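Examining the three-dimensional arrangement
Take a look at the letters that make up each chain.
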Amino acid sequence: EAAAVAAPSQPEAAAGSAASAVVLPERLQRREAERQQGVERQRQKKEAQVVKEEQSEFFLAAFAREREAVEALLAEGTLEEAAARLQALQKLLTGSVRFLAPYEVRQGQDTVARLQGDLAVRRQQLQPKKKFAFRALKKEAAPGSAPRPAEPAPPDLVAPDPDLAEGESGGPPLCGFSGAQDEELELGPAELLQRDVLLSELRGCRVQLRGNPNTLRVRDCSGCTVLCGPVSTSVLVDGCSDCLLAMACQQLRTHRTRDCRVYVQVTSRAVIEACSDVSFAPYSWSYPGIERDFESSGLDRNRNNWNLVDDFDWLATDKPSPNWSLIPEQERMTSWD
């Protein structure tokens, strides 16, 4: 009787064995399926990495060829062709940003900026020199006659800073404004056309640049509003705070900047570094003649990556950077007057 209690009946033992035989394969099958899924994920990741590396290698080779071609054309003095090849080089970089490492993007942008500076220098060097001519002496005013009113002075040229910011050339003098406070400052199309513009150390100023500059640099400004027409190549914002900025360009880089709102049209991805509380919205400033300036700049009005920003200080891919944001639509500027 004790033996009968201790040992299960034959039918019960057979049922238990059958249940174990069913449960065990299901568990193994589940583990095998999970293992296969993990292997497949690793394979896909490896293939994606290989493709990315191949794309990067192709880009670096093509970029090096185009850079050498531009440098050769600059040395020969074939500037129009050099400018066209340089623009193609910028487009190659812009179209490849999605699969390049951040340091490769930065190196490419630095190279393009350097070549733009070299092009500006060569243009200045090859400009025909003005012929010497005698000027007539000013006649003294007749006694009792009213003195002639003084002619308005042209906008001040800003001499190059010995400590040039990254990407700035040491070429011909820049046009722009420096050291002003609480002033309304303006430049027009004739003064800006394909010029390099520098705004530095402005406090509480409102700056309107109606025209098509070649480059724009905004350095060490605070509490300012800067409104700029289409820039043919690059914009650098460095060391600014509490500013409202509006510009259209191929490339935007923002360094050491905080508490700024940026309304931008940019054909590549904007880059920020050492920044905080920078917010972005699409470019919406307008003025009479802006369409003509867009045509002169070569920018594509239908291409705008205003909401694609790379933060070089934020490497996490699963969380957004806390250093920049998008301005909500209801809070965006609608009137610029």
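Residues numbered from 1 in each chain as written. Predicted model: local features only at pLDDT ≥ 70, side-chain atom pairs only at ≥ 80, totals over all residues. Heavy atoms only, no water.

**Remarks on the overall build of the protein chain**
The secondary structure content of the protein chain amounts to six helices and 15 strands. Long-range pairs, those at least 24 residues apart, make up 41% of the contacts in the protein chain with a sequence separation of at least 6. Accessible surface computed for the protein chain: about 20300 Å², of which carbon and sulfur atoms make up 52%. (Helix = DSSP H or I, 4+ residues; strand = E, 2+ residues; numbered from the N terminus. Contact = heavy atoms within 4.5 Å. Areas by Shrake-Rupley, 256 points an atom, 1.4 Å probe, with all protein chains shown as cover.)

**Observations regarding the nonpolar core**
Ranked by size, the top nonpolar core spans 39 residues in total, and within it Leu-199, Leu-202, Val-207, Leu-209, Leu-216, Leu-252 and Phe-280 carry the most contacts. Top element by residues in this core is strand S11 (residues 258–266). It accounts for four residues. Among all residues touching Val-207, those that are not within four sequence positions of it are Phe-177, Leu-185, Leu-199, Leu-202, Thr-225, Val-226 and Leu-227. Counting residues in each nonpolar core, the second largest holds 18 residues, with Val-70, Ala-83, Val-112 and Leu-115 among its members. (Core = buried A, V, L, I, M, F, W, Y, C linked by side-chain atoms within 4.5 Å. Buried < 20%, exposed > 50% of the residue type's maximum accessible area, 1.4 Å probe, protein only.)

**Description of helix H3 (residues 79–96)**
Across its 18 residues, H3 extends 26 Å between first and last C-alpha, which sits within 8% of the 26 Å expected from 1.5 Å per residue. When we look at burial in H3, the residues that qualify are Leu-79, Ala-82, Ala-83, Leu-86, Leu-89, Gln-90, Leu-93, Thr-94 and Ser-96. (Expected span 1.5 Å × (residues − 1).)

**Some thoughts on the sheet that holds strand S15 (residues 324–326)**
Taking strand neighbours across the sheet as the criterion, the seven strands line up as S3-S5-S7-S9-S11-S13-S15 in an open arrangement whose pairing is parallel. Every other strand in the sheet has two partners, leaving strand S3 (184–187) and S15 as the edge strands with one partner each. Going from strand to strand, the sheet's axes swing by 20 degrees on average, the running direction of each strand aside. Strands in contact with helix H6 (residues 290–297) are strand S7 (225–230), strand S9 (244–249) and S11; relative to S7, the strand with the most contacts, it is inclined by about 65 degrees. (Pairing = 2+ DSSP bridges. Axes fitted to C-alpha atoms, helices over the stretch in contact; angles between N-to-C directions.)

**What to know about the packing of aromatic side chains**
Counted by the stated rule, this structure contains five aromatic pairs. Taking the centre distance of 5.1 Å and the plane angle of 85 degrees together, the rings of Tyr-263 and Trp-336 count as edge-to-face. Note that Tyr-263 is positioned in strand S11 and Trp-336 in the segment after S15, a separation of 73 residues in sequence. Here the aromatic rings of Phe-280 and Trp-324 are separated by 6.1 Å at their centres, their planes lie at 80 degrees, and the arrangement is edge-to-face. A residue pair is termed long-range when its members are at least 10 positions apart, and Phe-280 in strand S13 (residues 276–282) and Trp-324 in strand S15 qualify at 44 residues. Summarising the burial analysis for this pair, Phe-280 and Trp-324 share the class buried. (Phe/Tyr/Trp six-rings, centres within 6.5 Å; stacked < 30°, edge-to-face > 60°.)

**Here we look at the confidence of the model for the protein chain**
Of all residues in the protein chain, 77% have pLDDT values of 70 or greater, and the mean over the chain is 79. The low-confidence segment residues 145–173, where pLDDT is below 50, has 40 contacts with residues more than four positions distant or belonging to other chains. (pLDDT = per-residue confidence, 0-100.)

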